[in-house]
Amino acid sequence: MRKELAKNYDPKDVEEKIYDTWLKNGYFTPQMDKKKEPFTIVIPPPNVTGHLHMGHALDETLQDILMRYKRMQGFCALWVPGTDHAGIATQIKVEEVLRKEEGLTRHDLGREKFLERVWDFKEKHGNYIMDQIKKLGSSCDFSRERFTMDEGCSKAVKEVFVNLYEKGLIYRGNKIINWCPHCITALSDAEVEHEDQAGAFWHIKYPVKDSDEFVIVATTRPETMFGDTAVAVHPDDERYTHLVGKTLILPLVNREIPVIADDYVDKEFGTGCVKITPSHDPNDFEVGLRHNLEQIRVMNDDATLNQYAGKYEGMDRYEARKAVVADLEAEGLLLKTEPHSHNVGICYRCGTTVEPITSRQWFVKMEPLAKKAIEVVEKRELEFVPDRFSKIYMNWMENVHDWCISRQLWWGHQIPAYYCDACGEMVVSKEKVHTCPKCGGKMRQEEDVLDTWFSSALWPFSTLGWPEKTKEMDYFFPTSVLVTGYDIIFFWVARMIFSSLEHTGKIPFRHVFIHGLVRDSQGRKMSKSLGNGIDPLEIIDKYGADTLRFTLANGNSPGNDMRFYIERVEAARNYANKIWNASRFVLMNLEIDKIELPAQLEMEDKWILSKYNTLVKEVTENLDRFELGVALAKLYDFSWDLFCDWYIEMVKPRLYEKGENAKTAQNVLAYVLSGFLKMIHPFMPFITEEIFQSLPVDEESIMVSKWPEFDEKLCFEAEEKAAGMLISAITGVRNIRAEMNVPMSKKAQMFIKTKEKDAFEKSEAIFLKLAGASGITVTDDMNLSVEDSVSVVSEDAEILIPLGDLVDFEKEIERLEKEKNNVLGEIDRVEKKLSNHGFLEKAPAKLVENEKAKKEKYTQMLQQIESRLESYRK
């Protein structure tokens, strides 16, 4: 016996129960089958201690739509879930807890004890985000859940590090890197964001030794001058040829530095003299290497100045800047100060201004790895959706710098390099090394950990068991598509591509489906500082997961941002109710035990089946092209307009009959409804499953049911045309009724002039009911005229309706006269306001424009009323 649907749909009554059933039945866990084609997605791993935000909700919704669609199409569909250890973010979070609750720092505990605390924190909070992802209805295979620091992923990280080191693609060197003084760690280029900051150009005199002459250099960072080891001029700059090779006296510390000639200098910019600070500027670093200049780093890790700064030692960089400028001015060495806005790097995690400094770090040599990663996109072996993001990717890869992979943190993958302090030997190994192979001394492991993105870069294949040759790796890899936001193309996507090509010889995925950001109703990025974030779990609790999913997918266009506001959520909730109520009506009128389309079908049956058939074809094509928003819009329009508002209304009289005609209508209703539910299931999984369980179907769950397929036998062009004409005519009649304020209950005789006489005569019953006609006369005499009638021109027909059938002229004239007086009163009120000089002078321009718009609107209304009165008085 079929389950009866409740009168109202309440997500809280069904979502958890349905999700538990899916889990219990193992629908999320695919069994490898060589006869089936695999479809694989690996989840972009959220931070293990994070909470679900709207960006996650969008990401998981889009992935789940694709997974459910492909699963129903018969693919062996695997969605691998997991979390990222998130080095900096997690360590900072645990350090904050320690400081607030115990007044301790990580250094008080020591590395080992601190890491125990982080693992405890991870175990306590690490499941939150996965539980929240389940609330969305995500059909991940949780039996395969991974963590970037689990045993298998850690093994993959060591394997990759050692392989790259042995190939000479990982090296340790002293180079200019991005340094965050707040997080106290190195950052890769991709982890640095940029913003314009107000600053200044300070023009400083550098005296020439044993001379009254001096050169002028301009800098935005005078506190770094203590690291200057030269001043450079262009070799062809005749103004300074006589100074090349001479010595300058560095102000405030009186250290001697040379004048050098280098093509790097732009002789047209500024004075043509450039201070060279190899330890604090990437361009100066390169100049320093060419001229064998000393590297003097003048800052500590926390951006305070060190001993090289003399009396400024211990000062914060900005405090030192003020003091240096003041002292230069006092000594007459500051020529001038110019305000200057410049682009500055900031830490992506904490927003602190990044300091370029020289530091001994570990790097990945990028040029050899980038070549293959560029080639696969150029040859379209791997495609971005939309394609414009491939250009952004290519530009980054073609100009990529070596990747700084070491981080001065404790939480993360500790670099597998070992040092012997006795003899200086260094060993890189997958296994722990305790004894020096050279002198037998004790080895210690590198303290730095790897950039979080190093392990994330291996995610598509480490999660499937690599470096072991697993069945999963053989069957599910390469994965099918990566769904991610455009904001992490450089952080993650690019690194997965070159890592996969280098270590597996294969692309990691065939498509990269890029989505935009979820913004607030004003188009602003959601953030804590603006307080404009919307908690997806609150939306789910109030409106249900399906409503949230529909809101996020509705209007979604690959690569473009979307605006999220509650009115859209409420519209989605209303749509869910529309589906529910329409389904209840169908089910209440079903007496069939199984769905079978009969051979004999009415015109309206063939029309809806043909429209449905087209929908199947187009939605399938849209989903295959990742046009999820387009597919959903078509499903929405079909269900709300064609199915609910037209077809159900057309067949209601037949449903109340008994016999074959009623049975045919029931079968068509159930056939179209069940197919529609299957197509919208990936978007709205819970409500569709609940309704599907009440239909006379033999499939155990909509989740594992067969995706609808286009059927040539269900193409009915003639009936589509006939129904289109009928709908156009009825819509025209309804519009004129609305214009004339005539309710549907007021029946009228109607005369239909058309060359398609047969089609209208066959649809007489539908026309009578839906147009509110008391009777119809269909004629192909296009010259027919009806005295005192209103004309409705529609597709392939003209409908004439006697005015006397529609309107009680005396009452309508009386009503219109009252309405005319009201409108005249409004026009008089607005004109008085607009002729008031005080109002025009003091009122905001927008308010004045509003009043002018009102006058125009009332004037148009008056013209319409007078036109109607004139026609009635004839």
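Bear in mind the structure is a predicted one, so any value in this text is a computation, not a measurement. (Residues numbered from 1 in each chain as written. Predicted model: local features only at pLDDT ≥ 70, side-chain atom pairs only at ≥ 80, totals over all residues. Heavy atoms only, no water.)

### Overview of helix 18 (residues 566-588)
And step 1. Its 23 residues place the ends of helix 18 33 Å apart at the C-alpha level, agreeing with the 33 Å of an ideal helix rising 1.5 Å per residue.
And step 2. Taken together, the buried positions of helix 18 are Arg 568, Val 569, Ala 572, Tyr 575, Ala 576, Ile 579, Trp 580, Ala 582, Ser 583, Phe 585, Val 586 and Leu 587.
And step 3. Buried residues along helix 18 sit in contact with helix 16 (536-543), helix 17 (545-553), strand 25 (562-563), helix 20 (628-655), helix 21 (660-680) and helix 22 (685-692). (Helix = DSSP H or I, 4+ residues; strand = E, 2+ residues; numbered from the N terminus. Expected span 1.5 Å × (residues − 1). Buried < 20%, exposed > 50% of the residue type's maximum accessible area, 1.4 Å probe, protein only. Contact = heavy atoms within 4.5 Å.)

### A word on the pattern of salt bridges
And step 1. Summed over all chains, the structure comprises 61 salt bridges.
And step 2. A salt bridge links Lys 762 to Asp 758; its shortest N-O distance comes to 3.3 Å. Taken together, the residues Lys 762 and Asp 758, both in helix 24 (residues 757-762) and four residues apart, mark about one turn of the helix.
And step 3. Taking the relative accessible area as the measure of exposure, Lys 762 reaches 67% and is therefore exposed. (Salt bridge = Lys/Arg side-chain N within 4 Å of Asp/Glu carboxyl O.)

### Some words on the packing of aromatic side chains
And step 1. Here the structure, examined in full by the defined rule, presents 30 aromatic pairs.
And step 2. Look at Phe 550 and Tyr 636: their rings are 6.1 Å apart centre to centre, the planes differ by 45 degrees, and that puts the pair in the tilted class. Here Phe 550, found in helix 17, pairs with Tyr 636, found in helix 20; they are 86 residues apart in sequence, far enough to count as distant.
And step 3. Under the relative-accessibility criterion, Phe 550 is labelled buried at 4%.
And step 4. On the basis of relative accessible area, Tyr 636 is assigned to the partly exposed category, the value being 29%.
And step 5. Pairwise contacts between aromatic rings join Phe 161, Tyr 165, Trp 362, Trp 403, Phe 454 and Phe 498 into one cluster.
And step 6. Over the ring of Trp 22 we find Arg 68, and its NZ or CZ is 4.5 Å from the ring centre.
And step 7. The positively charged end of Arg 297 is found above the aromatic ring belonging to Trp 179, 6.0 Å away from the centroid. (Phe/Tyr/Trp six-rings, centres within 6.5 Å; stacked < 30°, edge-to-face > 60°. Lys NZ or Arg CZ within 6 Å of the ring centre and 35° of its normal.)

### Some words on a negative patch on the surface
And step 1. A grouping of Glu 761, Glu 764, Asp 780 and Asp 781 is seen on the molecular surface, where their side chains present a negatively charged patch.
And step 2. Following the sequence through the fold, Glu 764 ends up in helix 25 (residues 764-771). (Patch = residues over 30% accessible without salt bridge, like charges linked within 9 Å, V, L, I, M, F, W, Y side chains within 5 Å. Areas by Shrake-Rupley, 256 points an atom, 1.4 Å probe, with all protein chains shown as cover. Lys, Arg positive; Asp, Glu negative; His and termini not counted. Charge placed at Lys NZ, Arg CZ, Asp CG, Glu CD.)

### Some details on helix 8 (residues 282-291)
And step 1. Buried within helix 8 we find Asp 284, Phe 285, Val 287 and Gly 288. Buried positions in helix 8, seen along its axis, are confined to an arc of 165 degrees and lie on one side of it. Opposite the packed face of helix 8, turned more than 90 degrees from it, sit the exposed residues Leu 289 and Arg 290.
And step 2. Asn 292 occupies a position one or two residues after helix 8 and carries a positive phi of about 55 degrees. (Arc of directions from axis to C-beta.)

### Notes on the state of the cysteines
And step 1. For the structure shown, the criterion picks out zero disulfides.
And step 2. Not engaged in a disulfide, the cysteine Cys 140 finds its nearest cysteine sulfur in Cys 76; these two sulfurs lie 15 Å apart.
And step 3. The structure places no disulfide on Cys 439, whose sulfur is separated from the nearest cysteine sulfur, that of Cys 420, by 3.5 Å. (Disulfide = S-S within 2.5 Å.)

### Some thoughts on the side chain of Thr 185
And step 1. By the element assignment, Thr 185 lies in strand 6 (residues 185-187).
And step 2. Ignoring any residue separated from it by four or fewer positions in sequence, one finds Thr 185 in contact with Ile 88, Asn 178, Trp 179, Cys 180, Arg 407, Gln 408 and Leu 409.

### Concerning the nonpolar core
And step 1. In terms of nonpolar packing, the biggest core is built from 200 residues, with Phe 643, Phe 683 and Phe 767 touching the most fellow members.
And step 2. With 14 residues, the single largest contributor to this core is helix 20.
And step 3. Residues in contact with Phe 767, not counting those within four places in the same chain, are Leu 726, Ala 729, Ile 730, Val 733, Met 750, Ile 752, Gly 772, Ala 773, Ile 776 and Ile 799.
And step 4. Counting residues in each nonpolar core, the second largest holds 33 residues, with Cys 273, Met 299, Ala 303 and Leu 328 among its members. (Core = buried A, V, L, I, M, F, W, Y, C linked by side-chain atoms within 4.5 Å.)

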